[in-house]
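The residues making up each chain are set out below.
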Amino acid sequence: MLATVITTAACATVAAPAVGLLGRRALVRSASARRLRITGSHGIDEQYFATIGGLDQWLHIRGDDRANPVIVELHGGPGSSNSILAGVSRDWESYVTLVRWDMRGTGKTLRRSGPDGQGKLSFERLVQDAVEVVEHVRERLGVQQVILLGCSFGSAIAMRIARTHPHLVSAYIGTDQKIFDGGRDTTDYYAALDRLAQAGKQKELAAVREMGPDQRSWSAEQFSHFSRFASATDPHTFAAMKSVVMKSLWYSPLHSLREIVTFFKSFMVSAVVLPDTAAFDDWADGTRFDVPFFIIQGACDLVNTPARARAYFDDVQAPVKAFTLIEDAGHFAIYKRPEVFLDLLQTRILPTLPATR
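Read on for an overview of the structure. Owing to the predicted nature of the structure, the values given are computational and were not obtained by experimental measurement. Here, residues in each chain are numbered from 1, in the same order as that chain's written sequence. Two thresholds apply to this predicted model, a pLDDT of at least 70 for residue-level local features and 80 or more for giving and counting side-chain atom pairs, whereas whole-chain, interface and lining totals are computed over all residues. Only heavy atoms go into the side-chain values, all of them from the structure, while hydrogens and water stay out.

### Re the packing of aromatic side chains
For step 1, the next point in the chain: Between the rings of Phe, Tyr and Trp (Trp by its six-membered ring), a pair exists once the centres lie within 6.5 Å; its type follows the angle of the planes, with under 30 degrees stacked, over 60 edge-to-face, and the other angles tilted. Going through the model one piece at a time under the given rule, you end up with 17 aromatic pairs.
For step 2, the next point in the chain: Between the aromatic rings of Phe263 and Phe267, the centroid separation amounts to 5.6 Å while the plane-to-plane angle is 80 degrees, which identifies the pairing as edge-to-face. Here Phe263 pairs with Phe267, and both are found in helix α10 (residues 257-270), just four residues apart, close to one helical turn.
For step 3, the next point in the chain: Relative accessibility under 20% of the residue-type maximum defines a buried residue, over 50% an exposed one, and the middle range a partly exposed one, all with a 1.4 Å probe and only protein chains included. Exposure remark for Phe263: the relative accessible area of 4% places this residue in the buried category.
For step 4, the next point in the chain: Just above the ring of Tyr48 sits the side chain of Arg140; from NZ or CZ to the centre is 4.0 Å.
For step 5, the next point in the chain: Placement of a charge over a ring requires the Lys NZ or Arg CZ to be within 6 Å of the ring centre, with the centre-to-atom vector within 35 degrees of the ring normal. For the cation-ring pair, Lys321 lies above Phe313, with the distance from its terminal atom to the ring centre recorded as 4.5 Å. Strands are runs of DSSP state E lasting at least two residues, helices are runs of H or I lasting at least four, and both sets are numbered from the N terminus onward.

Put into structure tokens, the structure is as follows:
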């Protein structure tokens, strides 16, 4: 949903003199590759394609010690691969084994088979794929359960798995948490209208007004437009796009220039799953979780607001639960402040885990 605003941020990020730009990219990528090396005899660094849902899908498993707890991360978007953020999360890998997956329609999975080879793209298909990924990781790493880390749109998928498959999950972590309420709360829509009006964006303002507040009638294109308008008027999110997302993409040692193009194409391919989610209601689906339940939200997030995430959290029943705001952060909060997430991981989340091997 953030495709266009990410593109805008990309232009701002790479709008430097062309001379030397690729040379600097090569130097920084080389330094990043050295920092990402896992050299210990107990470590793991594997990237490969596994057959998930009948489709070759890309996985990357990294960690300094195979004996550490395992986190399976579900990225947002849909279509926004987190594999570009390997450098940002490097310090986490001293304490957990981190599994990243490019979902159907995204990143290296999309590049492998092309847009026409992704099969049926739907929310339910992504949920089924995610369960298969967890099962695959359990078998490959020899663990009974994994921590699920759901990011933005991926948190909607991860939360459903944590609720319905607790035997697979040792803890749930939602960040930039996406909460569906069946369309009852339209404050985000009207807040975006206000920000567009204050910014003098008359064309965008007219487009959002024409869409109306009922997302159940929006097309995939309208969802993308609204996300672009809402994100572009959110200063914290736009800043994180430039300083974290685009910088990581441009300098990622795991991604070629052609794969940067695929990164942007992923949003367009994956947008088709959005209209089906408009009528979802997380309260109706259930607020009971049989696993520790954690939400970590940017205090200034205007894309997935902390108020809505908090409203759902307050109704959650779980053996352990905690809600944390990262101050002076919007969307992408734990990647903007990875050291804060690492502290929470060490002090609040990992101590709740049972033995998982």
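### What about the environment of Gly114?
For step 1, the next point in the chain: Relative to the assigned elements, Gly114 resides in the loop between α3 (107-113) and α4 (123-141).
For step 2, the next point in the chain: Separated by 100 residues in sequence, Gly114 and Asp214 have C-alpha atoms that sit 33 Å apart.

### Quick word on the pairing of strand β8 (residues 321-326)
Regular strands place side chains that alternate from one sheet face to the opposite one.
For step 1, the next point in the chain: In the sheet, strand β7 (residues 293-298) pairs with β8 via six bridges, with the strands oriented parallel. Following the sheet pairing, Phe294 is matched in β8 by Ala322.
For step 2, the next point in the chain: On the question of chirality, the crossover connecting β7 to the parallel β8 by way of helix α12 (residues 306-315) is right-handed. We treat two strands as partners when DSSP finds at least two bridges between them. Handedness rule for crossovers: strands pointing away from the viewer, path from the first strand over the helix to the second running clockwise, crossover right-handed.

### Considerations on the state of the cysteines
For step 1, the next point in the chain: A pair of cysteine sulfur atoms is labelled a disulfide when the two atoms are within 2.5 Å. A full pass over the atoms with the stated rule returns zero disulfides.
For step 2, the next point in the chain: Its sulfur unpaired, Cys151 is 19 Å from the next cysteine sulfur, which belongs to Cys300.
For step 3, the next point in the chain: A relative accessible area of 4% places Cys151 in the buried class.
For step 4, the next point in the chain: Taking relative accessible area as the criterion, Cys300 reaches 27% and is therefore assigned partly exposed.

Honestly, it's all geometry; don't read function into it.
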